[in-house]
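Spelled out from the first residue to the last, the chains are:
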Amino acid sequence: MSTTALPSNYSTNSATTASAWLKSWLLTVDHKRIAILYLISINVFFLLGGMAASMVRLELVTPQGDLMSADMYNRMFTLHGVIMVFFFLIPGIPSVLGNFLIPLMIGARDLAFPKLNLLSWYLYMGGGIFALCAAVFGGVDTGWTFYTPFSTSYSNSNVVLTIAGAFIMGFSSILTGLNFIVTIHKMRAPGLTWFRLPLFIWAHYATSLIQILATPVVAIALLLVAVERIWHVGVFDPAIGGDPVLYQHLFWFYSHPAVYIMILPAMGVISELIATFSRRRIFGYEFVAFSSIAIAILGFLVWGHHMYVSSQSVYSGLVFGFITMLVAIPSAIKVFNWTATLYKGSISYRTPMLYALGFIGLFVIGGLTGIFLSVVAVDIHVTDTYFVVAHFHYVMVGGTMMAYLGGIHYWWPKMTGRMYNEAWGAISALVVFVGFNLTFFPQFVMGYLGMPRRYHVYPQEFQIYHVMSTAGSSILGIGFIIPLVYLLLSLRYGKLAGDNPWDAPGLEWQTSSPPPTFNFATQPIVTEEAYAFHPEAAIRDAEAWQPGSPL
Amino acid sequence: MANARDIGHEGGHDREGSYGHIPVRTYWVVFSSLMVLMVLTVAAWYVEKHFVQLPEIVAVGIAMAIAIAKTALIIYFFMHVKVSSKLTQIFAVSAFVWLMILFVIVMGDYMARGWPPARGPLTQAPAPRAAAAPVSQGWRAL
Amino acid sequence: MATTTHDHVSGPALQHHYDTPGQQKEAATLGMWAFLVTEIMLFGGIFMAYMVYRWAYPEIWAAAAPHLNTPLATLNTVVLLVSSLTVALAVHAAEVGNKRQLVTLLLVTILLGATFLGIKFTEYGEKFAHCAGYASPLAWATGGERLGEAECLVPGKGFLFPVAAASAEGGAPAAAAADAAQPGMKSPHQLFFFLYFCATGLHAVHMVVGITVMSVIAGMAIRNKFSPAYFTPVEIGGLYWHLIDIIWVFLFPLFYLV
């Protein structure tokens, strides 16, 4: 195990004083450093959100409300939701992996607007501080959805503070999306046509489109809620003729596309992982690329499926339900293509691949239950129950979180120059998988049986499911902590990775690990298709495999 | 390495620089048109208010048509979209397309929903007005 | 130092991660357009609320809108349209390298923007003065003439829509408005005025940002930062200004020309 120092790279500098070193990181405009800043801050928020989740699950072990009062419980699950949605899932993969990899993957020296990139991070931190202040001052009890008129007229909690946090984070999201769009359009290396781009880029492009089109609408919705709360008059107040459901329309117009902001980058990561770890070009590349765009566009037309029981008209319900089923098609296309890629591939069960395979299974379950929910008749029965909770945790945690972890492991050697301990990686992937299913599968069952969400007191009959769920959540938590340990240890003790430890195609692997500040020594010129594996690569690699091979 | 930039630039800057030019005279013509349209919209309002009684949807329609015309002029000429790349034009248009998605679907829901109760759903006649005084007192009774 | 073999000519303000000035300009323009898309969607939310409530309560809109100061708003529209012209001409001046014209036009634009804000300030002042019981902002400041009949069009606890005057003019609008409201509703006219203050207020905030942007650009122009080869900030600053104008073009007929 070599622990020799890494060559000079983006993370080293010649700062001699502590303050100079601090400035070199806090005032950096290098997309790679900003990605690391995001990595640290996003993981911190994830831990905080996870702690809130632990409190929720602890309370739910018993049917009585013994650990915390109803009010406290409301604040706890709201904190969990706000932090996880706004400060982990939405920025997650784009800000960490996207920021680091997009310029590398397209052969550029940086993003289009490096200073704007830094501003994005500061806005993220600013928003986060507002949200944390709100939590410290007692939290907010409206649920992460801030439904009116409760949030505007009746709640006694720190609504405005939390909204300010989400509002500011929204601008961070918008600026990141803007940066990515311009970068992908204008800064590709010579020869890198659209259809030679890695699918990771296609996915982030689609995500960025959603970010710039959808986020402003929630910004204005939250702004109106804040104004109504401060001045005690507003457009969502039924007393003066307002309609609270208008808030829901505006909120979900963003928040549904927002879930595609969460999942599309994850799908991009999975495409990369599947290709590399089966040594094959992604089957149906163009279909997967276009399906990202299709998901982005169709995702804007389905928000009403969150409002079936909110007095939305039946006709709208039908239309939204139908289009929701349509939006599943591009996702299914991706899953089929990934599976087809695996077929006759030379499959390697390294940690990133374990996460990718887990993703496919869990995302299918999560996605299918989403289709169940899209049917108005079913949704009326299971809405606001744990069925919905299980559905979105399957896609968010079983989907996005697994892809995030898989991506971190896959590109860890590129970002840090070190390999992590593969045995521990595999163990934690399995722990996460087992813990996750134990946590959330019982929730499908109890939701169907009628357990409402956001309740901390429940009938005795549901306790067994809650106990299973909480037990699973502790295992899941362990599964999240273990990588923290071995990834951090690898920074000191990990094997030096070399430029391309996975023997993968892709421009990011053509430069050193970690890359130098300007990414490439000479401007790369692209002449090959994406995932330019030799057609026989899978067969050859399988035949030539020996212990110690890269994969 | 000089060849790096000669090779078929898919880097996105294949047509960099200017895409064309809008003469100054055009700006003045557009400006005059904008002023004329503004006068028209105020005049239409004045006429509709004092002389001709039009259904509200028509009056709003006229006002919006004029506003859209002004916007189109500003976007096309003042904002140089006429001489911009296809990409810029697509971005400019798509913003309004997305706005339409929001407007159409939400208004569709309101029209079909029966909210507010006085407006009623499309399939029903509006609830009959009670002629009795208590109703017309309404909120003023508070 | 950076291991690059980039033999590009460093033009004025060409940043390290771009290959050519043209690429940088295109990126900046596309970036600004993407940002304008977000601004359009932002105001779209308010226009959505407007659309819903105007559709729901047309009589209230008809009764409330005449209480806005249409002549002042018309003046504001003229001011903004002229400022759009000056911005377009300023970009042209930058294109041909005419520094004096560029600076003049930018300063005129800023002046027009400030005028717009001044007129808006007067409009708002009128509303708040009426709430305080005075006939005009000046009267409020000097303690002069009081308002004849009580009226407060600023939404909130003190909101008071002058129904008496309206029914004196012609009973139909106000009575119809009352009918449109449901029993138990408190002063639905607040919806109109709330949207008015929010929409025009948000617009005014953007105008302040626009003026700041223009001032920075004017400062750069004065310091000879621009040339026919590089005037990107002028161009993209202009794009932002035009958007502010477009938003007003819609706000004007929707609120003042009901």
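Residues numbered from 1 in each chain as written. Chains lettered and ligands numbered in written order. Predicted model: local features only at pLDDT ≥ 70, side-chain atom pairs only at ≥ 80, totals over all residues.

Caption draft 1: Spotlight on the overall build of chain C. For chain C, the helix and strand inventory stands at 9 helices and 0 strands. Starting at the N terminus and walking to the C terminus, you meet the elements of chain C as α-α-α-α-α-α-α-α-α. Evaluated residue by residue, chain C yields a buried proportion of 52% over its 258 residues. Contacts spanning at least 24 positions in sequence make up 70% of the contacts within chain C whose residues lie at least 6 apart. (Helix = DSSP H or I, 4+ residues; strand = E, 2+ residues; numbered from the N terminus. Buried ≥ 20, exposed ≤ 12 C-beta atoms within 10 Å, placed from the backbone. Contact = placed C-beta atoms within 7 Å.)

Caption draft 2: The arrangement of the overall build of chain B in detail. A count of helical and extended segments in chain B gives 4 helices and 0 strands. Listing every helix and strand of chain B by position from the N terminus yields α-α-α-α. Every one of the 142 residues in chain B was classed for burial, and the buried ones make up 28%. Taking the contacts inside chain B whose residues are at least 6 apart along the sequence as the reference set, 50% of them involve residues at least 24 apart.

Caption draft 3: Structural detail: the nonpolar core. In terms of nonpolar packing, the biggest core is built from 289 residues, with Val217(A) and Leu195(C) touching the most fellow members. Of the residues forming this core, the biggest block, 23 residues, is contributed by helix α9 (residues 244–278) of chain A. Looking at this core, you find at least three residues from each of domain 1 (21–83) and domain 2 (85–121) of chain B. Ignoring any residue separated from it by four or fewer positions in sequence, one finds Val217(A) in contact with Leu250(A), Phe253(A), Tyr254(A), Leu102(B), Met41(C), Gly44(C) and Gly45(C). (Core = buried A, V, L, I, M, F, W, Y, C linked by C-beta atoms within 7 Å. Domains from an automatic or database assignment.)

Caption draft 4: Representation of the packing of helix α8 (residues 199–231) of chain A against α9(A). Residue and element names in this part refer to chain A. The geometry of α8 relative to α9 is characterised by a closest axis approach of 8 Å and an angle of 160° between their N-to-C directions. It follows from the interaxial angle that α8 and α9 lie roughly antiparallel. For the element pair α8 and α9, the recorded crossing hand is left-handed. Counted by class, the contact of α8 with α9 contains 25 nonpolar, 7 polar and 1 charged residues. (Axes fitted to C-alpha atoms, helices over the stretch in contact; angles between N-to-C directions. Parallel < 35°, antiparallel > 145°, perpendicular 65-115°, else oblique. Left-handed = near helix turned anticlockwise from the far one by under 90°. Nonpolar A, V, L, I, M, F, W, Y, C, P; charged D, E, K, R; others polar.)

Caption draft 5: Structural context of the environment of Gly472(A). Residue and element names in this part refer to chain A. By the secondary structure assignment, Gly-472 is in helix α16 (residues 463–493). Separated by 455 residues in sequence, Gly-472 and Thr-17 have C-alpha atoms that sit 47 Å apart. Aside from chain neighbours lying at most four places away, what touches Gly-472 is Gly-435, Leu-438 and Thr-439.

Caption draft 6: View of the domain arrangement of chain B. When the domains of chain B are assigned, the result is domain 1 (21–83) and domain 2 (85–121). Computed from C-alpha atoms alone, the centre-to-centre distance between domain 1 of chain B and domain 2 of chain B is 22 Å.

Caption draft 7: Just the interface of chain A and chain B, in detail. Taken together, the contact pairs 25 residues of chain A with 20 residues of chain B. Of the residues contributing to the side of chain A that touches chain B, the split by class is 11 nonpolar, 11 polar and 3 charged.

Caption draft 8: Molecular detail of the confidence of the model for chain C. Residue and element names in this part refer to chain C. When pLDDT is averaged along chain C, the result is 86; 86% of the residues meet or exceed 70. Predicted confidence is poor over residues 1–11, with pLDDT under 50, and the contacts of this stretch with residues over four places away or in other chains come to 15 contacts. Predicted confidence for residues 165–172 stays below pLDDT 50, and this span has 6 contacts to residues more than four positions away or in other chains. The ipTM assigned to the predicted complex is 0.92, against a pTM of 0.91. (pLDDT = per-residue confidence, 0-100.)

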